[in-house]
Amino acid sequence: MRKTALDCVYELAKRDERVVFIGSDLGPGVLDEMKHAMPTRFFMEGVSEQHIIGMAAGLAMEGFIPYVNTIATFLTRRCYEQIALDLCLQNLPVRLIANGGGAVYAPLGPTHLAVEDLAIMRVLPNMTVVAPCDAAEMKRLMNATLQWSQPIYIRLAKGGDDNVSQATDQFEIGKAILRGAPAPGLFISTGVMTQVALEACKQLALEGLVCTVLHMHTVKPLDNDALSNLLPKATSVVTVEEHSRIGGLGSAVLEFCNDYMPEQSPKITRIGIPDKFATQYGSQNSLLQHWGITTESVSHTMRVQLHAKQ
């Protein structure tokens, strides 16, 4: 997914001379073709995240559209004040491409786990927060970013995931995608967890339990229209995210319910990362297993909820 995103930056730069790329101490070979073809629009800075955000803000004020890329934890935690004041307060069209959202860098421990990034990014005024489900959807997102007037945080998952999005999805920032017809069981997911939710639907269908998936690739702005339409039609709702249960997608859905449809809140169950630092090292999948964010656990949660309502 990261390679797809960066390849798209180069393609966008060919189409629009305002596009520039800024990296922070990335490995050798990153966007080499763009570096050689457009040396005045390619910048590789050192380990200086606060600096690259300020630099991106300055370029944006001069009419450029900067695409900034580094590891998610470095891009969010280390330069949060710069993102808030330099980008969001000024409402500048800077795109933050964050590598390793969730537990991608699990072997490196809690210092590299971006499990609160959605929460701290979506609380900032003017910030758009997006988490595509696969590389194909990433291409559609990157094309849409060119004309978006506000700052965007783009959460990248690991590479090599299956492509589950479809060309007919009609991707649009801020508009969720319903995979299937409204059903008694509704999964609301974001990022690559949409793949887990889709697999859970398949498992439950074998048991005669009908479910569907609302893919919230955009966590902010939330698609209130989709929620208003679908929540009343569902018996049970399970939100799924590779993120802390505090402040992420599940919280956003409950906030919507509190403000607009409080009667829908009791049917919602959240699946996410517990409120504590990781206590284990291992692979991404091993941590997800430890946290109970798997197809089996997601299926079980929905199964229990649906049976309880029968």
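Above: the structure in question.
First, a word on scope: everything that follows refers to the structure included in this document.

About the criteria used
- Residues numbered from 1 in each chain as written.
- Predicted model: local features only at pLDDT ≥ 70, side-chain atom pairs only at ≥ 80, totals over all residues.
- Heavy atoms only, no water.
- Helix = DSSP H or I, 4+ residues; strand = E, 2+ residues; numbered from the N terminus.
- Expected span 1.5 Å × (residues − 1).
- Buried < 20%, exposed > 50% of the residue type's maximum accessible area, 1.4 Å probe, protein only.
- Contact = heavy atoms within 4.5 Å.
- Pairing = 2+ DSSP bridges.
- Axes fitted to C-alpha atoms, helices over the stretch in contact; angles between N-to-C directions.
- Phe/Tyr/Trp six-rings, centres within 6.5 Å; stacked < 30°, edge-to-face > 60°.

**Re helix α8 (residues 193-205)**
Step number 1: Its 13 residues give α8 an end-to-end C-alpha distance of 18 Å, which sits within 8% of 18 Å, the value for a rise of 1.5 Å per residue.
Step number 2: Every buried residue of α8 is listed here: Met193, Thr194, Gln195, Val196, Ala197, Leu198, Ala200, Cys201 and Leu204.
Step number 3: Lining the buried residues of α8 we find β7 (177-179), β8 (185-189), β9 (211-215), β11 (236-244), α11 (284-291) and α12 (295-309).

**Describing the sheet that holds β11**
Step number 1: Read across the open sheet, the 5 strands follow the order β7-β9-β8-β11-β12; overall the sheet is mixed. Each edge of the open sheet carries a strand with a single partner, namely β7 and β12 (268-273). Here the strands of the sheet are splayed against their neighbours by 20° on average, with no regard to which way each runs.
Step number 2: In this sheet, β9 lies alongside β8 in parallel orientation, the contact comprising 5 bridges. Counterpart to serine 189 in the pairing with β9 is histidine 215.

**Observations concerning the packing of aromatic side chains**
Step number 1: Under the defined criterion, the tally for this structure stands at 2 aromatic pairs.
Step number 2: Between phenylalanine 21 and phenylalanine 42, the aromatic rings sit 5.5 Å apart at their centres with planes inclined by 25°, giving stacked as the arrangement. Of this pair, phenylalanine 21 sits in strand β1 (residues 19-24) while phenylalanine 42 sits in strand β2 (residues 42-45), placing them 21 residues apart in sequence. Neither residue differs from the other here; phenylalanine 21 and phenylalanine 42 are each classed as buried.

Keep in mind these values describe shape, not function.
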